[in-house]
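Tertiary structure, described
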Amino acid sequence: MTSPASPSSVVPVHADDTVLGVLRSPRLLTREALAGIVTTLALVPEVISFSVIAGVDPMVSLVSSVVLAIVMSLLGGRPAMVTAAAGSVALVVAPLVQQHGVEYVLPAVLLAGVIQVAFGTAGLARLMRFIPRSVMIGFVNALGILIFVAQVPHVVDVPWVVYPLFALTIAIVVLLPRLTKAVPAPLIAIVVVTAIVVFAGLNDVHTVGDEGPMGGGLPGLTPWLVPVSLDTLVIILPTALSVAFVGLMETLLTAKLVDDITETPSHKGKESWALGVANIAAGFYGGIAGCAMIGQTVVNVKIGRARTRVSTVVAGLFLLLLVTGLSSVMARIPMVALAAVMMIVAISTVDWHSVKPSTLRRMPLPETLVMVVTVVVVVATGNLAIGVAVGVLLAMVLFARRIAHVIRVERTVDAQSGAVRYDVVGPLFFGSSNDLVEHFAYRDDPASVVVDLSRAQVWDASSVAALDSVETKFAAHDVAVEFVGLDDRSHAFRSRLTGQFGE
């Protein structure tokens, strides 16, 4: 069953979205199983490609993906999300392998897993709420671009026969759902195109087997080959931290994306510590870490219409079957069929509404800028985590700049008594309170003034220091100032800090 987003939230879960409901319904069980199979077929070539990037044997990545998929299916907080050896992790691991050797991957992966467990159990996954919508949209759009671009090499500078196969795959995936949705159209397309290539003897068509060796059988436990020492810790710590936080960021962002697609909540804290446990298990049996596979997850929940853990368990078990007993069959799947499927996934992933001229005209410029920068950085670096981090930082800077000018100080002079009253409106924090001192007419005011803060709040030490400066400037002109109207929290905060900042 889908876990609640928080202990206090009670969200009704449809029977179709529960494991028990799926197991009781042959129709739903078929849907979940076929979705898992399609997802596995889309997973294999990317996992093999990522193993080349990381500098490890393809079998290491494939076996690790089996472990990751099954462990996360059992423990994870986001049903139907696919976890496997991922490209972002491969990019982080590659320098470690190149500089120190593949034997340091195991301790780095284990340490990364421990960090992720600590992150999840400490409840730090709640920080995801601070990622703005504009960054999420940029993340999704960049994801679509990256998925599409990654498939282009499979349809460029290839034998002419590849193009009819590409067109046939697209036609089946697009048109077959209009006739029936009993079986996922991508699965039919992959089977049909594979059969054509095999029976027609089209040996010049690039296949999954051309991506890397596909020997059957399972390896044993990953051997520990490095000394247990401080030197080893110094070598692996930067990689372990990168693996941990890149994996967490991609996993939590993908979970949020699946939440939106399926309109069901997930438990981000549970997902975080479960990822750590899964990576520790994958390190011992397989050898490399992973995280959520965004493109394959979209295949699972959008094209396969999967909603439960059954689909990802099937994906893990089917991948295990392919690795151990059907590696020769897996090796004969044409890459063009998988590329065509993933291109359609990429196109459906992009939030086209967000880039429509009418939408862009209505959206505030800072929001559009954050989205565009997120997309550009992700596409330029090929790293979703870096793009999201830059997008969040830019959003914070633009937000701080925007609200730095929201405070307003209104000066009122009583016509009869000549008494002066200032009304401060807006939140006082480091960004908005820096120029607060400039809003008062110190030379022109009578011997006493009132500053009303009932429509303001004091949020940090900078604001308390600013109020102290206002009081000091009035005192320099022999004017007594009284601050009134602060709410209880702001009053207690100011009382604790006022007078502590020196001259």
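Refer to the preceding data block for the structure.
Everything in this summary refers to the structure shown in the same document. Nothing here was measured: the structure is a model prediction, and the numbers come from that model.

**So, the environment of Gln99**
For Gln99, the position within the fold is in helix H4 (residues 87–100). Take Gln99: its relative accessible area is 61%, and that puts it in the exposed class.

**Quick notes on the pattern of salt bridges**
Per the counting criterion, the structure on display carries 11 salt bridges. Arg408 is paired through a salt bridge with Glu410; the nearest N and O atoms lie 2.8 Å apart. The exposure class assigned to Arg408 is partly exposed, which follows from its relative accessible area of 40%. For Glu410, a relative accessible area of 28% gives the class partly exposed. Where Arg411 meets Asp445, a salt bridge forms, and the shortest distance between an N and an O atom there is 2.6 Å. Within this pair, whereas Arg411 is found in strand E3 (residues 408–413), its partner Asp445 is found in the loop between strand E4 (420–428) and strand E5 (448–458), the two being separated by 34 residues in sequence.

**A closer look at the packing of aromatic side chains**
Following the criterion strictly, the structure yields seven aromatic pairs and no others. Between Phe440 and Tyr442, the aromatic rings sit 6.1 Å apart at their centres with planes inclined by 40 degrees, giving tilted as the arrangement. For the residue pair Phe440 and Tyr442, the accessibility class agrees, reading buried in each case. Among the aromatic side chains, those forming a connected cluster through ring pairs are Tyr422, Phe440, Tyr442 and Phe474.

**With respect to the nonpolar core**
Leu41, Val44, Ile131, Phe139 and Val208 are the most contacted members of the largest nonpolar core, which has 103 residues in total. Those residues in contact with Leu41 that sit more than four places away from it in its chain are Leu187, Ile190, Phe318, Leu322, Ile333 and Leu338. Formed by 26 residues, the second largest nonpolar core is a distinct cluster that contains Tyr422, Val437, Phe493 and Leu497.

**Regarding helix H9 (residues 230–262)**
Under the 1.5 Å per step criterion, the end-to-end length of H9 is 46 Å for 33 residues, consistent within 8% with the ideal 48 Å. Maximum bend of H9: about 40 degrees, positioned at Ile236, with proline Pro238 one to four residues after it. A positive backbone phi angle near 60 degrees is found at Glu263, which sits one or two residues after H9.

**Things to note about the side chain of Gln116**
Here Gln116 is to be found in helix H5 (residues 105–121). Each residue touching Gln116, except ones within four places of it in the same chain, is listed here: Val243, Ala244, Gly247, Leu248, Ser272, Trp273, Leu275, Gly276 and Asn279.

**Some points on the sheet that holds E5**
Read from one edge to the other, the open sheet built from four strands follows the order E3-E4-E5-E6, with strand pairing classed as mixed. Across the chains shown, the open sheet's two edge strands, defined by having one partner strand only, are E3 and strand E6 (480–484). Neighbour-to-neighbour, the strand axes of the sheet open up by a mean angle of 20 degrees, direction not taken into account. Taken together, the five bridges between E5 and E6 define a ladder with parallel strand orientation. Bridge pairing in E6 places Ser448 opposite Ala480. Docked against the sheet, helix H19 (residues 488–497) engages E5 and E6, running at close to 115 degrees with respect to E5.

About the criteria used
By convention here, each chain's residues receive numbers from 1 onward along its written sequence. Two thresholds apply to this predicted model, a pLDDT of at least 70 for residue-level local features and 80 or more for giving and counting side-chain atom pairs, whereas whole-chain, interface and lining totals are computed over all residues. Hydrogens and water are ignored here; the side-chain numbers use all heavy atoms of the structure. Only DSSP runs of H or I with at least four residues qualify as helices, and only runs of E with at least two residues qualify as strands; both kinds are numbered from the N terminus onward. Using a 1.4 Å probe on the protein chains alone, a residue whose accessible area is under 20% of its type maximum counts as buried, one over 50% counts as exposed, and one in between counts as partly exposed. Counted as salt bridges are all cases of a side-chain nitrogen of Lys or Arg within 4 Å of a carboxyl oxygen of Asp or Glu. Pairing of aromatic side chains requires ring centres within 6.5 Å, counting the rings of Phe and Tyr and the six-membered ring of Trp. Pairs whose planes differ by under 30 degrees are stacked, by over 60 edge-to-face, and all others tilted. Only buried Ala, Val, Leu, Ile, Met, Phe, Trp, Tyr and Cys residues count toward a nonpolar core, and they belong to the same one when joined by side-chain atoms within 4.5 Å. Contacts were defined at the residue level, with two residues in contact if any of their heavy atoms lie within 4.5 Å. Expected helix span is taken as 1.5 Å per residue step, with the number of steps being one fewer than the number of residues. The seven residues ending at a residue and the seven starting there each receive a fitted axis; the angle between those axes is the bend at that residue. Strands are treated as partners if at least two bridges between them are detected by DSSP. What counts as an axis is a line fitted to C-alpha atoms, over the stretch in contact for a helix, and the angles between N-to-C directions run from 0 to 180 degrees.

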